[in-house]
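Structure at a glance
In case you want the letters, here they are:
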Amino acid sequence: MKIVDARVVLTSPGRNFVTLRIETDEGVTGLGDATLNGRELAVASYLRDHVVPLLMGSDPHRIEDTWQSLYRGAYWRRGPVTMAAIAAVDVALWDIKAKVAGLPLYQLLGGASRERVRTYGHASGRDIPELFDSIRARLAEGYPAIRVQTGVPGLKLVYGVRPAQDAAQGARPVVEDWDTAAYLRNLPKVFDAVRQEFGPGLPLLHDAHHRLTPIQAARLGKDLEPYDLFWLEDCTPAENQEGLRLVRSHTTTPLAIGEVFNTVFDYQTLISEQLIDYVRSAVTHFGGVSPLRKLFDFAAQHQIKSAVHGPEDISPVGMAAAIHLDLAIHNFGIQEYAGYTELTDAVFPHAYTFTDGHLHPGEAPGLGVGLDEELAAAHPYEAAYLPINRLQDGTIHDW
């Protein structure tokens, strides 16, 4: 079997997705997700101009060799563009291999370690009553755990909280504002109110989204201890891995890190010193199924669990790959799942299901995801950026 065709499909059924479709001489096709929100065209070019020519004529079954060739052969390693491109190839090749075997991908990864995959949903509000309504809506949808994001008094636009008129992505970044002191004062009051309303048993999560210094993160983790969070996510920019030593030494609140990480090297200190409790990387941004499975095995040696990043800008292709991994690995923790629009689901018809707050990849051979290219072409790429964040004096700040 040989690869005879590979092409990149850009589509925007509500938001942009980059998909790689690989075809073999035996007519078996595989799909991979290469979406990099706000930098989609860079990955598309990387694939079309540099990666696809290298795939022609190669054996699709040599997944590890292909991965190593694309990673080491470019000389310039790592980075989100490179790793998203490699991820698309890796996932597409696993899709092909599983289809040839006539099995769903999770069976090639060792089979199921659980019956279903637990998820958490997103709840947010500009104030407490609006937040309570959002939490009730997520519970009604069946989510067993809830991420809580809330407005901060005095701030107009804050990460994770949609304004009355949704500040959607566009050709210029939306500017959000930030005041760390106000946030640190407000958030414990929010979780106190949520616990009083919804009780002690509901697993609650919160995303600080890289906006705190290590000492600020340590204070927040300590202040939130009475509310028994499932985790505090991205409490500080974790490129400074040593900074998590300070956070860990001051709080017992569980910590989740890694959605912007691209390789295991970003995690070495965090895992080996047990400075975190959950690894958050996405299949799409970490180089694919192959390296993420290795990361989970490394994490398992230190009693750290998985928590694959699963926002709306991971396409259903990337989401399906994550669900197959979630079902197979032993040290699964939880899966983020925001769901998709009906149009996105139509462009990417899929076998995976979401029932009572849990996911299952289905039993279709391969990933179990298709691509309606005619419908995708009817919704072309649209320029869009993620928001940026500024302090009240105008200084750019981590978003």
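Heads up: the structure comes first, above all this text.
First, a word on what this report is: a plain description of the structure on this page. (Residues numbered from 1 in each chain as written. Predicted model: local features only at pLDDT ≥ 70, side-chain atom pairs only at ≥ 80, totals over all residues. Heavy atoms only, no water.)

Let's shift gears to the overall build of the protein. Counting its regular elements, the protein contains 13 helices and 16 strands. Relative to a compact globule of 399 residues, whose C-alpha radius of gyration would be 21 Å, the protein shows 21 Å and is just as compact. Over its C-alpha atoms, taken along the principal directions, the protein stretches across nearly 60 × 45 × 45 Å. Put simply, the protein shows about 16200 Å² of open surface, and 51% of that area lies on carbon and sulfur atoms. Charge separation in the protein, taken as the distance between the mean sites of 35 positive and 50 negative side-chain charges, equals 4 Å. (Helix = DSSP H or I, 4+ residues; strand = E, 2+ residues; numbered from the N terminus. Rg over C-alpha atoms; globule rule 2.2 N^0.38 Å. Areas by Shrake-Rupley, 256 points an atom, 1.4 Å probe, with all protein chains shown as cover. Lys, Arg positive; Asp, Glu negative; His and termini not counted. Charge placed at Lys NZ, Arg CZ, Asp CG, Glu CD.)

Those residues of helix α8 (residues 243-250) that fall on the buried side of the exposure criterion are G243, L244 and V247. Mapping the buried residues of α8 onto a view down its axis gives an arc of 90°, with all of them on the same face. The elements touched by buried residues of α8 are α7 (214-223), β9 (255-257) and α9 (268-272). (Buried < 20%, exposed > 50% of the residue type's maximum accessible area, 1.4 Å probe, protein only. Arc of directions from axis to C-beta. Contact = heavy atoms within 4.5 Å.)

Quick look at the packing of aromatic side chains now. Taken as a whole and assessed by the stated rule, the structure comprises 15 aromatic pairs. Ring geometry for W178 against Y183: centres 4.7 Å apart, planes inclined by 50°, an arrangement best described as tilted. For the pair formed by W178 and Y183, the shared burial category is buried. Aromatic ring contacts, followed pair by pair, group Y120, F230, W231 and Y278 into a single cluster. It is R211 that lies over the ring of W178; its NZ or CZ is 4.0 Å from the centre. (Phe/Tyr/Trp six-rings, centres within 6.5 Å; stacked < 30°, edge-to-face > 60°. Lys NZ or Arg CZ within 6 Å of the ring centre and 35° of its normal.)

This paragraph deals with the pairing of strand β5 (residues 146-150). The buried fraction of β5 amounts to five of the five residues, a majority that puts the element mostly inside the structure. By the alternation rule, side chains of β5 split into I146, V148 and T150 and R147 and Q149, which are all buried. Pairing analysis gives five bridges linking strand β4 (residues 117-125) to β5, with the strands arranged parallel. Of the residues in β5, the one forming a bridge with S124 is Q149. Each parallel crossover has a hand, and for β4 linked through helix α5 (residues 128-140) to β5 it is right-handed. Inspection of the sheet shows β5 paired to strand β7 (residues 204-207) by two bridges, in the parallel sense. Paired with I146 across the two strands is L204, which belongs to β7. (Pairing = 2+ DSSP bridges. Right-handed = clockwise from strand over helix to strand, strands pointing away.)

Turning to helix α1 (residues 40-55), a few remarks are in order. Taking 1.5 Å as the rise per residue, α1 with 16 residues should run 22 Å; its terminal C-alpha atoms sit 21 Å apart, in good agreement. At L47, α1 is bent by approximately 35°, the largest bend along its length. Turning to α1, its buried residues are E40, V43, A44, Y46, L47, V51, V52 and L55. Following α1 by one or two positions, G57 adopts a phi angle in the positive range, close to 85°. (Expected span 1.5 Å × (residues − 1). Bend = angle between axes of the 7 residues up to and from the residue.)

In this section: the sheet that holds strand β1 (residues 3-11). Pairing between the strands of a sheet is mediated by backbone hydrogen bonds and can be parallel or antiparallel. The sheet built from three strands is open, its strands ordered β1-β2-β3 with antiparallel pairing. The strands lining the two open edges of the sheet, one partner per strand, are β1 and β3 (29-33). Across the sheet, the mean angle separating the axes of adjacent strands is 20° when strand polarity is ignored. Of the strands in this sheet, β1 and β2 (17-24) are in contact with α1, which crosses β1 at around 175°. (Axes fitted to C-alpha atoms, helices over the stretch in contact; angles between N-to-C directions.)

Let's shift gears to the sheet that holds strand β16 (residues 396-397). One open sheet holds the three strands; their spatial order is β6-β15-β16, and the pairing between them is mixed. The open sheet has two free edges, formed respectively by β6 (175-178) and β16, since each of these has just one partner strand. Where strand β15 (residues 388-391) lies against β16, two bridges are found, and the strand directions are antiparallel. Bridge pairing in β16 places N389 opposite H397.

Along the polypeptide, D177 turns up in strand β6. Buried D177, no salt bridge; nearest opposite-charge side chain is K156, N-O distance 6.5 Å. Within the local environment of D177, its side chain forms a polar contact with the backbone nitrogen of K156, the two atoms lying 3.1 Å apart. Among the polar contacts made by the side chain of D177, one reaches the main-chain amide nitrogen of L157 at a distance of 3.0 Å. Once residues within four sequence positions are removed from consideration, D177 is found in contact with L155, K156, L157, V158, N389 and R390. (Salt bridge = Lys/Arg side-chain N within 4 Å of Asp/Glu carboxyl O. Polar contact = N/O pair within 3.5 Å; in protein donor to acceptor, adjacent residues only side chain to side chain.)

Summed over all chains, the structure comprises 20 salt bridges. Linking E130 and R126 is a salt bridge whose minimum nitrogen-to-oxygen distance equals 2.5 Å. Owing to a relative accessible area of 43%, R126 belongs among the partly exposed residues under this scheme. Here R147 makes a salt bridge to D207, at a shortest N to O gap of 3.6 Å. Here D207 lies in strand β7 and R147 lies in strand β5, a separation of 60 residues in the sequence. By relative accessible area, which is 5% here, R147 ends up buried. Each of D5, R7, R21, E23 and E373 takes part in a single network of salt bridges with overlapping partners.

By size, the foremost hydrophobic cluster in this structure holds 114 residues, and its most contacted members are I22 and L47. Top contributing element to this core by residue count: helix α3 (residues 80-101), with twelve residues. When sequence neighbours within four positions are dropped, the list of residues in contact with L47 reads V8, L20, A34, V52, P53, A85, A88 and V89. Among the nonpolar cores identified, the runner-up in size contains nine residues, and A145, W231, Y278 and A307 belong to it. (Core = buried A, V, L, I, M, F, W, Y, C linked by side-chain atoms within 4.5 Å.)

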